[in-house]
Amino acid sequence: MPPPADIVKVAIEWPGANAQLIEMDQKRPLSSIIREVCDGWSLSGSEQFALRYADGPQLYITEQSRGEIKNGTILRLAISPARAARQLLERIQSHGIDARLEALKELAKLSADPTFAAEFINMEGIGTLARLVESGTHFGEMLAFTLTAFLELMDHGIVSWDLISLSFIKQIAGYVNQPMVDVSILQRSLAILESMVLNSHSLYHRVAQEITVGQLIGHLQVSNQEIQTYAIALINALFLKAPEDRRQEMASTLAQKHLRSIILNHVIRGNRPIKAEMAHQLYVLQVLTFNLLEERMMTKMDPNDQAQRDIIFELRRIAFDGENDPTGTEKRKAMYTKDYKMLGFTNHVNPAMDFTQTPPGMLALDNMLYLAKVHQDTYIRIVLENSSREDKHECPFGRCAIELTRMLCEILQVGELPNEGCNDYHPMFFTHDRAWEEFFCVCIQLLNKTWKEMRATAEDFNKVMQVVREQITRALAMKPSSLDQLKNKLRGLNYSEILRLRQSERMSQDDFQSPPIIELRERIQPEILELIKQQRLNRLCEGSCFRKLGNRRRQEKFWFCRLSLNHKVLHYGDLDESPQGEVPFEQLSDKIPVSDIKSVVTGKDCPHMKEKSALKQNKVLMLFTVILVTWLFVHSSLAQRVTFVHVCFFQEVLELAFSVLYDPDETLNFVAPTKYDYCIWTDGLCALLGREMGSDLTRSDLDTLISMEMKLRLLDLENITIPEAPPPVPKEPSSYNFTYNYS
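Residues numbered from 1 in each chain as written. Predicted model: local features only at pLDDT ≥ 70, side-chain atom pairs only at ≥ 80, totals over all residues. Heavy atoms only, no water.

1. Comments concerning the overall build of the protein
And then number 1: Across its full length, the protein carries 32 helices and 11 strands.
And then number 2: For the protein, buried positions account for 45% of its 743 residues.
And then number 3: Sequence-distant contacts in the protein: of pairs separated by 6 or more residues, those separated by 24 or more amount to 68%.
And then number 4: Surface accessibility of the protein: about 39,500 Å² in total, with carbon and sulfur atoms responsible for 52%. (Helix = DSSP H or I, 4+ residues; strand = E, 2+ residues; numbered from the N terminus. Buried < 20%, exposed > 50% of the residue type's maximum accessible area, 1.4 Å probe, protein only. Contact = heavy atoms within 4.5 Å. Areas by Shrake-Rupley, 256 points an atom, 1.4 Å probe, with all protein chains shown as cover.)

2. A short note on helix 21 (residues 397-411)
And then number 1: The end-to-end C-alpha distance of helix 21, which contains 15 residues, comes to 20 Å, matching closely the 21 Å that a straight helix rising 1.5 Å per residue would cover.
And then number 2: The element helix 21 is extensively covered by neighbouring structure, given that 12 of its 15 residues are classed as buried.
And then number 3: Contacts made by the buried residues of helix 21 are with helix 15 (294-297), helix 19 (362-374), helix 20 (376-387), helix 22 (435-454) and helix 23 (461-477).
And then number 4: At the exit of helix 21 stands Gln-413, carrying a positive phi of roughly 55 degrees. (Expected span 1.5 Å × (residues − 1).)

3. Quick notes on unusual backbone geometry
And then number 1: Here Thr-358 and Pro-359 are connected by a cis peptide whose omega angle stands at -20 degrees.
And then number 2: With an omega of 10 degrees, the peptide bond between Pro-359 and Pro-360 qualifies as cis.
And then number 3: Mapped onto the elements, Pro-360 comes out in the loop between helix 18 (336-342) and helix 19.
And then number 4: Phi at Lys-479 is positive, roughly 55 degrees, even though this residue is not glycine.
And then number 5: Mapping Lys-479 onto the fold places it in the loop between helix 23 and helix 24 (483-492).
And then number 6: Looking at Lys-479, the relative accessible area reads 33%, which means it is partly exposed.
And then number 7: In the Ramachandran plot, His-567 falls in the positive-phi region, its phi being about 65 degrees despite a non-glycine side chain.

4. Quick notes on the packing of helix 31 (residues 675-688) against helix 32 (residues 696-713)
And then number 1: Here helix 31 crosses helix 32 at 85 degrees, and the two axes come no closer than 8 Å. Compared by their axis directions, helix 31 and helix 32 come out roughly perpendicular. Taking contact as the criterion, the partners of Tyr-676, Cys-679, Ile-680 and Asp-683 in helix 31 are, on helix 32, Asp-696, Leu-697 and Thr-698.
And then number 2: Tallied by class, the residues present in the contact of helix 31 with helix 32 amount to 4 nonpolar, 1 polar and 2 charged. (Axes fitted to C-alpha atoms, helices over the stretch in contact; angles between N-to-C directions. Parallel < 35°, antiparallel > 145°, perpendicular 65-115°, else oblique. Nonpolar A, V, L, I, M, F, W, Y, C, P; charged D, E, K, R; others polar.)

5. So, the packing of aromatic side chains
And then number 1: Under the criterion given, the structure shown has 23 aromatic pairs.
And then number 2: Measuring from ring centre to ring centre gives 6.1 Å for Trp-559 and Tyr-572, while their planes differ by 85 degrees; the resulting arrangement is edge-to-face. Here Tyr-572 lies in strand 7 (residues 569-575) and Trp-559 lies in strand 6 (residues 558-563), a separation of 13 residues in the sequence.
And then number 3: Trp-559 gets classed as buried once you look at its relative accessible area, which sits at 7%.
And then number 4: The lysine or arginine in question, Arg-52, covers the ring of Tyr-60, its NZ or CZ lying 5.0 Å from the ring centre.
And then number 5: Cation over ring: Arg-83 sits above Phe-49, and NZ or CZ is 5.7 Å from the ring centre. (Phe/Tyr/Trp six-rings, centres within 6.5 Å; stacked < 30°, edge-to-face > 60°. Lys NZ or Arg CZ within 6 Å of the ring centre and 35° of its normal.)

6. Brief notes about the pairing of strand 11 (residues 666-671)
And then number 1: The buried fraction of strand 11 amounts to 5 of the 6 residues, a majority that puts the element mostly inside the structure.
And then number 2: Inspection of the sheet shows strand 10 (residues 657-662) paired to strand 11 by 6 bridges, in the antiparallel sense. Within strand 11, the position partnered with Ala-657 by the bridge is Val-671. (Pairing = 2+ DSSP bridges.)

7. Description of the nonpolar core
And then number 1: Within the largest apolar cluster, 87 residues are counted, with the highest numbers of intra-cluster contacts made by Leu-129, Met-196 and Ile-263.
And then number 2: Within the second largest apolar cluster, 70 residues are counted, among which are Tyr-340, Ala-352, Leu-408 and Met-428. (Core = buried A, V, L, I, M, F, W, Y, C linked by side-chain atoms within 4.5 Å.)

8. Notes on the sheet that holds strand 6
And then number 1: Read across the open sheet, the 4 strands follow the order 5-6-7-8; overall the sheet is antiparallel. The open sheet is flanked by strand 5 (544-547) and strand 8 (590-593), the only strands paired with a single partner. The average undirected angle you get between the axes of adjacent strands in this sheet is 25 degrees.
And then number 2: Pairing analysis gives 4 bridges linking strand 7 to strand 8, with the strands arranged antiparallel. Its bridge partner being in strand 8, His-571 is matched across the sheet by Lys-591.
And then number 3: Each of strand 5 and strand 6 is contacted by helix 26 (residues 515-542), which is oriented at about 135 degrees to strand 6, the strand it contacts most.

9. So, the sheet that holds strand 1 (residues 7-13)
And then number 1: Reading across the sheet, the 4 strands line up as 2-1-4-3 and stay open at both edges, with mixed pairing between neighbours. With partners counted over all chains shown, the strands left at the sheet margins are strand 2 (20-25) and strand 3 (49-53), one partner each. Averaged over all adjacent pairs, the angle separating strand axes in this sheet is 40 degrees, with direction ignored.

10. Some details on a negative patch on the surface
And then number 1: There is a patch of like negative charges on the surface, built from Glu-244, Asp-245, Glu-249 and Glu-295.
And then number 2: With 3 residues, helix 12 (residues 244-256) is the single largest residue contributor to the negative patch.
And then number 3: Relative to the helices and strands, Asp-245 resides in helix 12.
And then number 4: Note on Asp-245: relative accessible area 63%, which makes it exposed. (Patch = residues over 30% accessible without salt bridge, like charges linked within 9 Å, V, L, I, M, F, W, Y side chains within 5 Å. Salt bridge = Lys/Arg side-chain N within 4 Å of Asp/Glu carboxyl O. Lys, Arg positive; Asp, Glu negative; His and termini not counted. Charge placed at Lys NZ, Arg CZ, Asp CG, Glu CD.)

In structure tokens:
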């Protein structure tokens, strides 16, 4: 008979004594269980003890977290969090340097535990650490451990960052501004300053006064990519939190300090591959830089503003008057309407009206003026070669430039929030100080070329823009490293190539709709599904490493899970670090028979997601939060809105979560590192249970493999029309009196 669901069998260790094997009743108070364990070893004062995990992160067990204890778990009896915090606090304030160093080292490790952190903070531990830093008497390892513990404790969110003193900020900023400082101290100092800026509006101003952009840019020229990553993260944080009226000023300062070229030469084109966190920070910097265009993009042109009208006059002058022409005469002014028509504006009388729609607003006019002044020959050629045509195939430059600007804003998501998990940065945008304008100049030439290739008329305007959008998006997907490479990619994606690609994609979708092909597809599908099933199971046999949920700034914890080669047992266990390859079965201490697995649940049905959601907020508070965040996204400025991006983090984790439910009422909880791993594992587990594999990856693989198999089988039937129905059976012969003569 299986044991009750509330009973878990565990081993409890104590230094110098034999381990106790007990059956822990989860309904009993934890204090009662600890008292019983202490009595087994004749230890008095059970209230001074607590239970911790013996392996992994060795977190303290509380009434709230005890439900995570599984059968076979090894626990350790340790001094209580309050007692440990008190002892460490006393040792930190002792006069012995060695004792203080060991205490700070242990504190840096324990600070990741939320239970210990709460006790240490309640004893004014944060203030003690801050005073140690402010004193300026700690250096080397001692200071590094102090800063690590401080950052870990603050990351729990128990204490507000607003309580940090100015002297502490000055001391941390001093470590960043020093030309020679220990790498570990510099890394933690940059991380602390970033957290200050992101979590406190008042601290932003103090940090901005203490940190010079020049010093931060200097840290990008080192060989340590971790330092480079934290430096760019701090620049992004300062950029993000800067008032709107100061962002352009800060962007100008960064340009004067050659930030772009330093990132290009020392980071993007460095000798080391770009890690995921660095790629994310480069993406955020790219987004924040392009978002500086939002104000111009959303600014309508005032038809009565003479300064703005003068820009349109300048466009006309460059195109038609030439630099040596005299100032416009009355007769020339009368011809303005004709000139504006040849420039391709929709409103020939008052072209200012073409810029009253947002987006793109005044940003389109800025792009046109840049092209006319910086690439004057190109501008004049585009305008004149179209204005002189009389065959209705002229490309309206003004209308195209306005629509192209709107399209580029959509493609590059100008004004949108950075995605927390996105690493989609484009190296070519770091190769030029005016990357946006140069990108527009390349694309307007592409548009003019495509217009001529399509022999388009005004009625084909939308069709041309669709083709140009496809050309640009396909070229960007190839990740060109420079604007010259972009031109080469676009040169290969001419109109004929786009038609060929469309036809190829259409053939792959539409050719297999006739009844004979559908019947063949149905016969092939079971074979392909079995192939996919075997691939998924083989992948489970190789195993995967999973991260344990926690703060992103803390040291990451890992565990590994893999399926036995006979597909009968799931083996899993904790790891100290991410493995480089397969983990042997001998290192995985826990296992689950596949026969005991009852079901696989995903998303919000997972037990660990239900607990996480319950700890976050109740249903009423969640509804209020959604309404509040929605209102803030609609009514707040960009800087205020980005701070709410982290609200989406729980939803992202939810989409990667799945759990294995097995007898007796136990669960093994997963959070996949990527969507691909999520699909592989949920498919493989469903295949083990004899259920349908329903992930997006399975559908994609099924379509791809069936398409390839169909094309291979139909290779000999190329250019042969396949009939909708089988040919009729011929009539029987009048007689069967015929033979073959083989002689």
